[in-house]
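# Inside the fold
Chain by chain, the residues:
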Amino acid sequence: MLRRLALTAVASLAALSAAAPAATAVTGPLPLPLPLPLLRDDARTQLTITVSGSENAAAEGAFELRCGPAGGSHPVARRACGRLDELAVEGADPFAPVPEDALCTQQFGGPATARVTGTWRGRSVDTVFSRTNGCEIARWNSLRPVLPNVG
């Protein structure tokens, strides 16, 4: 008797499982997905990039960069914002200094410096980039086109 009851329960569950999709089917149009959340004001990027010593007149000076939407006086604002977004998705901090214990090649990439101040994704930024050794050159190059291509 117990065995017959167990088999009946299993058969009933199987029947319910087969009927469940039909019973829960949505009739009519499907609901539209919710819109993606907008960037909060505190997540916006507003940076001032001041470049000097680059020996390239087009790269020299102060440039404003705004992202979300891209704008400002930066010559390639949309590409620069795209690069910052890529780095954020990678989990990278583009404004972090070179670690003190880093082993860097002793090469000189030129006298160019760039000071970056403002806000990136709601976080305060105030840092200087240079090209004084291999690590600093790599740090600069990883942030192109936010920073200009200098030699």
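Conventions and cut-offs
- Residues numbered from 1 in each chain as written.
- Predicted model: local features only at pLDDT ≥ 70, side-chain atom pairs only at ≥ 80, totals over all residues.
- Heavy atoms only, no water.
- Helix = DSSP H or I, 4+ residues; strand = E, 2+ residues; numbered from the N terminus.
- Buried < 20%, exposed > 50% of the residue type's maximum accessible area, 1.4 Å probe, protein only.
- Contact = heavy atoms within 4.5 Å.
- Phe/Tyr/Trp six-rings, centres within 6.5 Å; stacked < 30°, edge-to-face > 60°.
- Polar contact = N/O pair within 3.5 Å; in protein donor to acceptor, adjacent residues only side chain to side chain.
- Core = buried A, V, L, I, M, F, W, Y, C linked by side-chain atoms within 4.5 Å.

## Some words on the overall build of the protein chain
When you go through the protein chain residue by residue, the secondary structure sums to 3 helices and 4 strands. If you list the helices and strands of the protein chain from N to C, you get α-β-β-α-β-β-α. Counting all 151 residues of the protein chain, 29% fall into the buried class. Sequence separation of 24 or more characterises 55% of the internal contacts of the protein chain that already satisfy a separation of 6 or more.

## Observations regarding the packing of aromatic side chains
The tally for this structure, following the rule as stated, stands at 2 aromatic pairs. Taken together, a centroid distance of 5.6 Å and an interplanar angle of 70° make the contact between Phe-95 and Trp-120 edge-to-face. Taken as a pair, Phe-95 in the loop between α2 (77-90) and β3 (113-120) and Trp-120 in strand β3 lie far apart in primary sequence, 25 residues in all. Residues Phe-95 and Phe-129 carry aromatic rings whose centres are separated by 6.5 Å and whose planes lie at 75° to one another, so their mutual orientation is edge-to-face. Here the residue Phe-95 occupies a position in the loop between α2 and β3, and Phe-129 occupies one in strand β4 (residues 123-130), the gap between them amounting to 34 residues. When its relative accessible area of 5% is taken as the criterion, Phe-95 is described as buried. For Phe-129, a relative accessible area of 0% corresponds to the buried category.

## Points about helix α3 (residues 134-142)
Among the residues of α3, those classed as buried are Gly-134, Cys-135, Glu-136, Ile-137, Arg-139 and Trp-140. Contacts made by the buried residues of α3 are with β3 and β4. N-capping of α3 is provided by Asn-133, with a side-chain oxygen placed 2.9 Å from the backbone N of Cys-135.

## Structural notes on the nonpolar core
Core analysis: the largest hydrophobic core is formed by 23 residues, its most contacted members being Leu-65, Leu-84 and Phe-95. Secondary structure elements with two or more residues in this core: β1 (45-52), β2 (61-67), α2, β3 and β4. Ranked by residue count, the leading element in this core is α2, at 5 residues. Filtering out sequence-adjacent residues up to four positions away, Leu-84 remains in contact with Thr-45, Leu-47, Leu-65, Cys-67, Pro-94, Phe-95, Trp-120, Leu-143 and Val-146.

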